[in-house]
Amino acid sequence: MRRAPRDTEATSRSVTRRALFMGGCMAAMVGALGARMRFIGVEQADEFRLLAEENRVSIRLIPPARGLIQDRNGKLIAGNEQNYRVVITRENAGKTDDEVKEVLNRLSHIIPMTAEDIADAMKELNPKVNSAFVPITVAERLDWDDFSKVAINAPALPGVTPEAGLSRLYPRDFDFAHIVGYVGPVSEKDLQDLRDKQQETGENIDPLLMIPKFQIGKIGVEKWMEDTLRGTAGTKRIEVNHVGRVMRELDRQEGLKGKDLRLTIDADVQNFVQARLGEESAACVVMDVNNGDIIAAVSSPSFDPNLFVRGISSADYSALTEHDHRPLANKVVQGAYPPGSTFKMVTALAALEAGVIDENTVVRCPGHIEMGGIRFNCWKRGGHGPVNLKRGLSESCDVFFYDIGQRVGIDKMAETGKKLGIGVRHDLPMSAISEGKMPNKAWKLERYKQEWVIGDTINASIGQGYVLATPLQLAVMASRIASGKQIAPRIIHSVNDIAVPIPAVEGLGLDGSKLRAVQMGMFEVMNGPHGTGRGSRIADDSMRMCGKSGTAQVRNFSDAEKRSGATKNENLPWKLRDHALFVGFAPADAPRYAVSVVVEHGGGGSLVAGPIARDALLRALTGGMPPLTAYPADQRPRVENLLNTLQLRLPDGTQPAPSKV
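None of the values given here were measured: they were computed from a predicted structure.

About the thresholds
- Residues numbered from 1 in each chain as written.
- Predicted model: local features only at pLDDT ≥ 70, side-chain atom pairs only at ≥ 80, totals over all residues.
- Heavy atoms only, no water.
- Helix = DSSP H or I, 4+ residues; strand = E, 2+ residues; numbered from the N terminus.
- Rg over C-alpha atoms; globule rule 2.2 N^0.38 Å.
- Buried < 20%, exposed > 50% of the residue type's maximum accessible area, 1.4 Å probe, protein only.
- Contact = heavy atoms within 4.5 Å.
- Areas by Shrake-Rupley, 256 points an atom, 1.4 Å probe, with all protein chains shown as cover.
- Polar contact = N/O pair within 3.5 Å; in protein donor to acceptor, adjacent residues only side chain to side chain.
- Salt bridge = Lys/Arg side-chain N within 4 Å of Asp/Glu carboxyl O.
- Axes fitted to C-alpha atoms, helices over the stretch in contact; angles between N-to-C directions.
- Parallel < 35°, antiparallel > 145°, perpendicular 65-115°, else oblique.
- Left-handed = near helix turned anticlockwise from the far one by under 90°.
- Pairing = 2+ DSSP bridges.
- Arc of directions from axis to C-beta.
- Phe/Tyr/Trp six-rings, centres within 6.5 Å; stacked < 30°, edge-to-face > 60°.
- Core = buried A, V, L, I, M, F, W, Y, C linked by side-chain atoms within 4.5 Å.
- pLDDT = per-residue confidence, 0-100.

A look at the overall build of the chain
- Within the chain one finds 25 helices and 23 strands.
- The globule rule puts the C-alpha radius of gyration for 661 residues at 26 Å, and the 37 Å found for the chain is more than 25% above it.
- For the chain, the C-alpha atoms occupy an extent of roughly 165 × 55 × 50 Å along the three principal directions.
- In the chain, which comprises 661 residues, the share counted as buried stands at 49%.
- When contacts within the chain are restricted to residue pairs at least 6 apart in sequence, long-range pairs at least 24 apart make up 72% of them.
- For the chain, the computed accessible surface area is about 31600 Å², with 51% contributed by carbon and sulfur atoms.

Laid out in C-alpha cells, this is it:
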C-alpha cells in the first residue's frame, strides 16, 4: 500500500487541532451562556418578571414636616397633624382622558367624591397643566376606614396611591389668626411671583413648590417666614407595575424638617385680650417697653385659620368678607386711624423741644378759637380757663394744643411724630403693614399740589386732619415716651431655640426733663382729680399707670347738626360714631409694658378704650387674671362680673372655659 504524502498527514493533524480549539471555544461560550441563563432565569427571576410586566421606577419628592410656631413660653400655636390622602399619577392611570376618568369614577365609589371633585382632578391631571409623572392629590383628610378601602382596592385603581402625610393645624384658632396667618395651596400667582424673582436674582425655584396643592404660607408669619418654616424635600424611589400599582419602595432619603419659630407673644395674654375685646371691631397691642417684644397683638373680630387650610366654603368666606367689622383685616397693622388726643404728647414734645413753650406756659381756653373765619371748638364748650402743660394733658384741653401747635408748626410736629414712631413702617413678619401718615408741608404740596394752611396745623395738633396712625404705631409711641429710647417692635423671639439678637437701642435725642414733663401729664390723666382717664385708673400704687385717651371723629358735622345734638354717638349709625382710642404704660415709676387700644366707632376713648387697656396691662403685669384689688373699690363688683363672663382657654389651650377671678 502506498503511504499518504507527508504534507497530507501534517494537514490532517493541523485540522484536528483547529477543530479541538474551536470546539473548546464553543463549549466555553455555551457554558458562559448557560451560566448567564441560569443567573437570569433563577437568581434574577423576580426582577425580570417585574420588568416583563413593564414596571417603572419613579422618583418622588417627600414634603418635609413644616416647622412649628410657638409662643414665648413654648405653647403650640401652629403645628402639624396626620393627614390621610389619595394621590393619582397621570402616566400610570391611563393613556387617554377616558381611561383616567374611569379610574376616578371607580375611586368615587370607594370614597366620597363629587362630580365637581372629579372635574377638578381632571383639570389638574391635564398634561398642559402638570407633567404626567407628577402625583395629584384628589382627596385628603380621609378617615382610617376610607383610607383602608383605597389601599385594599389599589389593584383596580391604576395610578392611585394612598399616602399618609402631614397637614397644618392651628390649635388656638381665633387667637393668632392675624399674627400667624395660614397656609394654602401654591397658586399660579405664587409661581409667577417666584418666576419673576428667579429672573431678578437667578435663584432656583424650590421643586417642592411645583407639587400640586403643596401648601405654603399665605399671610402673616406663615408667609413672611416661609423659607424658614418650609424645610427641605426628601426623595423616595418607588416601583410600579404596568397598571400603575405601587409594588415597593426601593429606597428613601428623608428631607430636613422646617425650623421652629418661637414668638414674643404670650398666648395667655393674647387669649385674654381677644376675649376682652369680644365682638368689638377693635385692636389692642401690649408691648415690652425695654426690648420691643410684642406680648399681645389682637385684631377683633377674628376668624378660624383652619377653615382656609381645609378648604373654606363659599358661605363661610362670604360671611367673613361681607361682615361690617372686617374680621379678615389685621387692624393692628393695617388699620390707620386719626389718633385724636393720643397725639397730643407729640404736639407737646415738639413744642417743648423747639423751646416755644415750657411746662409752665399758660394758655387761656375760652372753649374755642377763631381762625380764618372758622371756629375750632374745645371738647369742653365752656372752656378750661388758664391751662398749663400738665393740665392741658390731664384734662385734654384742645385749645391749649391748638395754640402750641401753631407756635411750633407742622414740620417740627412731624419730625417729633416720626421720632416716636408715627408715620413709620415698622418691619414685622405681618401682611399689609400700613405706614400711617405723618404729614408736613412738603407732603401736602406733593400729594395734593396745595399749600399747607394754618387750619391744617390746628387739626393736626389734636390728631385729626391728615394724621393717621396704626395701633402698632401708637404702642411704639407709648413705649418710646415711657423709655426715652428708640424701641422697635419685634415678634420673632427665636429660631430653633436660638434667640434672635436684639439690636442695641439708642436714645430718642429728646431732653429728659421735657420727656418727664409729658410723662407727668400722662400720669395726671389717670390719677389726677380731674384727669380724663381717672375712671380707668389702677388703684394699686405698685402698678399705677400713665395714659392718654382719644376720641377721633370719622366725619365733619355742620353747625346745625352740632346744635341739634345729632353729633352724639348714641344718635348716630354705628359707622358714623367716633373711634375710641387709648395709649398708656405701667408701672408709672418703672415702666414695663405699654398698651394701645383702638375701638372702631366705639365712642369715648376714656369710657370704652381705657378700661380695656387697663385690663390688658394688669394681665401682663400680674401674669394671671387681674386682681380685683387693683381696681377702685366702687368698680370691683362690675369688674368681677365682667371678668367672670370672659371665655378663656384652659391651661392646655385646647378648649375655652369660663374664667374665674
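Now that the structure is up, let's keep going.
Structural notes on helix 6 (residues 144-152)
- Where helix 6 is concerned, the buried positions are Asp146, Phe147, Ser148 and Val150.
- Looking at where helix 6 begins, the residue whose side-chain oxygen comes 3.2 Å from the main-chain nitrogen of Asp145 is Asp143.

Here's the deal with the pattern of salt bridges
- Inspection of every chain in the model, using the stated rule, returns 31 salt bridges.
- For the salt bridge of Arg230 with Asp206, the shortest nitrogen-to-oxygen distance reads 3.0 Å. Note that Arg230 is positioned in helix 10 (residues 226-230) and Asp206 in the loop between helix 8 (188-201) and strand 7 (215-217), a separation of 24 residues in sequence.
- A residue is classified by how much of its surface remains accessible, and Asp206, at 21% relative accessible area, is partly exposed.

A word on the packing of helix 15 (residues 344-354) against helix 18 (residues 410-419)
- Packing of helix 15 against helix 18 brings their axes to within 8 Å, and their N-to-C directions diverge by 115°. If you check the angle between helix 15 and helix 18, you find them roughly perpendicular. Helix-helix and strand crossings are classified by hand; for helix 15 and helix 18 the assignment is right-handed. Across the interface between the two elements, Val346, Thr347, Leu349 and Ala350 of helix 15 pack against Lys412, Met413, Thr416 and Gly417 of helix 18.

Topic: the sheet that holds strand 12 (residues 294-300)
- Strand order in the open sheet made by the five strands is 12-11-21-20-19, with antiparallel pairing throughout. Each edge of the open sheet is held by one strand with a lone partner, namely strand 12 and strand 19 (546-552). Geometrically, the sheet is characterised by an average inter-axis angle of 5° between neighbouring strands, direction not taken into account.
- Summarising the sheet, strand 20 (residues 579-586) and strand 21 (residues 593-599) pair through seven bridges and their orientation is antiparallel. When the bridges of strand 21 are listed, Ala580 appears paired with Val599.

Focus: helix 18
- Inspection of helix 18 places Ile410, Met413, Ala414, Thr416 and Gly417 among the buried residues, and these make up the whole buried set. Mapping the buried residues of helix 18 onto a view down its axis gives an arc of 165°, with all of them on the same face.
- Contact partners of the buried residues in helix 18: helix 15, helix 17 (398-408), helix 19 (441-448) and helix 20 (454-461).
- Phi turns positive, to about 100°, at Gly421, one or two residues after helix 18.

With respect to the environment of Val399
- Inspection of the secondary structure puts Val399 in helix 17.
- Given a relative accessible area of 2%, Val399 falls into the buried group.
- Sequence separation between Val399 and Glu239 is 160 residues, and the spatial gap between their C-alpha atoms is 82 Å.
- In contact with Val399, not counting residues within four places along its chain, are Val363, Arg364, Cys365, Pro366, Gly367, His368, Ile369 and Cys378.

Considerations on unusual backbone geometry
- A cis amide bond, omega -5°, links Ser300 with the succeeding residue Pro301.
- When you line up the elements, Pro301 lands in the loop between strand 12 and helix 12 (306-310).
- In this model, Ala586 is joined to Pro587 through a cis peptide bond whose omega is -15°.
- Within the secondary structure, Pro587 is located in the loop between strand 20 and strand 21.
- Although it is not a glycine, His601 adopts a positive phi angle of roughly 55°.
- Locating His601 in the fold gives a position in the loop between strand 21 and helix 24 (605-622).

Side note on the packing of aromatic side chains
- For the structure on display, the rule yields 13 aromatic pairs.
- Taken together, a centroid distance of 5.2 Å and an interplanar angle of 65° make the contact between Trp443 and Tyr466 edge-to-face. Here Trp443 is found in helix 19, whereas its partner Tyr466 is found in the loop between helix 20 and helix 21 (471-483), with 23 residues between them in sequence.
- Its relative accessible area of 24% is what places Tyr466 among the partly exposed residues.
- Here the aromatic residues Tyr182, Phe303, Phe308 and Tyr317 are joined through ring pairs into a cluster of three or more.

Observations concerning the nonpolar core
- Within the largest apolar cluster, 57 residues are counted, with the highest numbers of intra-cluster contacts made by Met477 and Ile481.
- With seven residues, helix 15 is the single largest residue contributor to this core.
- What Met477 contacts, discounting residues up to four positions off in sequence, is Thr342, Met345, Val346, Leu420, Ile422 and Val583.

Quick word on the pairing of strand 21
- Of all seven residues making up strand 21, seven are buried, and the element is well covered by its neighbours.
- Side chains Tyr593, Val595, Val597 and Val599 project from strand 21 onto one buried face, and the interleaved Ala594, Ser596 and Val598 project onto a second face that is buried too.

Some remarks on the side chain of Arg85
- With respect to the helices and strands, the residue Arg85 is situated in strand 3 (residues 76-89).
- Relative accessible area serves as the criterion here: at 14%, Arg85 is assigned to the buried category.
- Excluding its chain neighbours within four sequence positions, the residues that come into contact with Arg85 are Thr137, Ala139, Glu140, Phe147, Thr161, Pro162, Glu163, Gly165 and Leu166.

Here's the deal with the side chain of Gln70
- Relative to the helices and strands, Gln70 resides in strand 2 (residues 69-70).
- Side chain to side chain, Gln70 and Arg262 meet in a polar contact 3.4 Å long.
- The residues contacting Gln70, other than those within four sequence positions of it, are Lys75, Leu76, Ile77, Leu261, Arg262 and Leu263.

Notes on the confidence of the model for the chain
- A residue-level look at the chain finds 90% of positions with pLDDT of 70 or above and a mean pLDDT of 88.
- Taken as a whole, residues 657-661 scores under 50 in pLDDT and shows 19 contacts with residues more than four places along the chain or in a different chain.

Let's talk about the environment of Gly547
- The topology assignment puts Gly547 in strand 19.
- On the basis of relative accessible area, Gly547 is assigned to the buried category, the value being 0%.
- Along the chain, Gly547 and Ala478 lie 69 residues apart, while their C-alpha atoms are 8.5 Å from each other.

Topic: the environment of Tyr337
- Among the secondary structure elements, Tyr337 is positioned in the loop between helix 14 (331-334) and helix 15.
- As for Tyr337 and Lys75, which are separated by 262 residues in sequence, their C-alpha atoms are 33 Å apart.
- Ignoring any residue separated from it by four or fewer positions in sequence, one finds Tyr337 in contact with Arg326, Lys331, Val467, Leu468, Ala469, Pro471, His579, Val598 and Glu600.
- Engagement of the side chain of Tyr337 in a polar contact is seen with the side chain of Glu600, the distance being 2.7 Å.

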